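Listed below are the residues making up each chain.
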Amino acid sequence: EHGRAYLFGRAFSAACRQCGYDTALCFLAGLLADIGRLALVALLADLGRDRSLPPRHELLILVDDFHAQAGEATIRRWELADELAMVARWHHTPGEAELCDDALLSKKMLHVACACDWLLESAAEGYAVLSMPLIGTPAAAAGLGHEQLPLIVEAIETARIDVDTL
């Protein structure tokens, strides 16, 4: 999980650089985007010590379904920046986010986070995202085209080398 968090942070930072957003904030947001998964695993591990839990596959579905909400709650409990909590909560469903007008975070940034998550998943599944049509993808929804994607993919590949060598 920590390796994927680093990849997400690097990808999101590279994408945000091209969109003019604060790359340090985006790197941290990428690192914390899936913190809810770890928070739920820790909670379930603590609960499992005192009582029996459902089968593992059911717990994985629960973690997958509720990690975004748990991530937002965890980040807010730690009293970190609102933008970090918003990326954790909405990086899978940016179209559902309701943002106040004065938020530093924009819906476009949430769409960029969703696109980075999609790029990571697509690369992990072996898809050649640089040569595929983007219509209907999270990248298209974020306004990222074939001219921006190579820089993001390069950031992911460089981060993969970092993870493998460290």
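Thresholds, definitions, all that
- Residues numbered from 1 in each chain as written.
- Predicted model: local features only at pLDDT ≥ 70, side-chain atom pairs only at ≥ 80, totals over all residues.
- Heavy atoms only, no water.
- Helix = DSSP H or I, 4+ residues; strand = E, 2+ residues; numbered from the N terminus.
- Rg over C-alpha atoms; globule rule 2.2 N^0.38 Å.
- Contact = heavy atoms within 4.5 Å.
- Areas by Shrake-Rupley, 256 points an atom, 1.4 Å probe, with all protein chains shown as cover.
- Lys, Arg positive; Asp, Glu negative; His and termini not counted.
- Charge placed at Lys NZ, Arg CZ, Asp CG, Glu CD.
- Salt bridge = Lys/Arg side-chain N within 4 Å of Asp/Glu carboxyl O.
- Buried < 20%, exposed > 50% of the residue type's maximum accessible area, 1.4 Å probe, protein only.
- Polar contact = N/O pair within 3.5 Å; in protein donor to acceptor, adjacent residues only side chain to side chain.
- Axes fitted to C-alpha atoms, helices over the stretch in contact; angles between N-to-C directions.
- Left-handed = near helix turned anticlockwise from the far one by under 90°.
- Nonpolar A, V, L, I, M, F, W, Y, C, P; charged D, E, K, R; others polar.

Caption draft 1: Local environment of the overall build of the chain. A count of helical and extended segments in the chain gives eight helices and zero strands. Along the chain direction, N to C, the helices and strands of the chain fall in the order α-α-α-α-α-α-α-α. Since a compact globule built from 166 residues should have a radius of gyration of about 15 Å, the 16 Å found for the chain is in line with a globular shape. Taking all contacts inside the chain whose residues are at least 6 apart in sequence as the whole, residues at least 24 apart take part in 55%. Of the accessible surface of the chain, which amounts to about 9,200 Å², a share of 58% is contributed by carbon and sulfur atoms. Taking the average place of the 13 positive charges on the side chains of the chain and the average place of its 24 negative ones, the gap between the two points comes to 3 Å.

Caption draft 2: The pattern of salt bridges, seen in detail. Within the structure shown, the criterion is met by 10 salt bridges. Asp117 serves as the salt-bridge partner of Arg4, at 2.5 Å between the closest nitrogen and oxygen. Taken as a pair, Arg4 in helix H1 (residues 2-19) and Asp117 in helix H6 (residues 107-124) lie far apart in primary sequence, 113 residues in all. On the basis of relative accessible area, Asp117 is assigned to the buried category, the value being 8%. With a shortest N-O distance of 2.7 Å, Asp82 and Arg76 are connected by a salt bridge.

Caption draft 3: Quick look at the side chain of Thr74. Position of Thr74 among the secondary structure elements: in helix H4 (residues 56-77). At 2.8 Å, the side chain of Thr74 and the backbone oxygen of Ala70 are in polar contact.

Caption draft 4: The arrangement of the packing of H6 against helix H8 (residues 149-165) in detail. The geometry of H6 relative to H8 is characterised by a closest axis approach of 11 Å and an angle of 65 degrees between their N-to-C directions. Between H6 and H8 the crossing geometry is right-handed. On H8, the residues touching Leu119, Leu120 and Ala123 of H6 are Leu149, Ile152, Val153, Ile156 and Arg160. Tallied by class, residues from the contact of H6 with H8 come to seven nonpolar, no polar and one charged.

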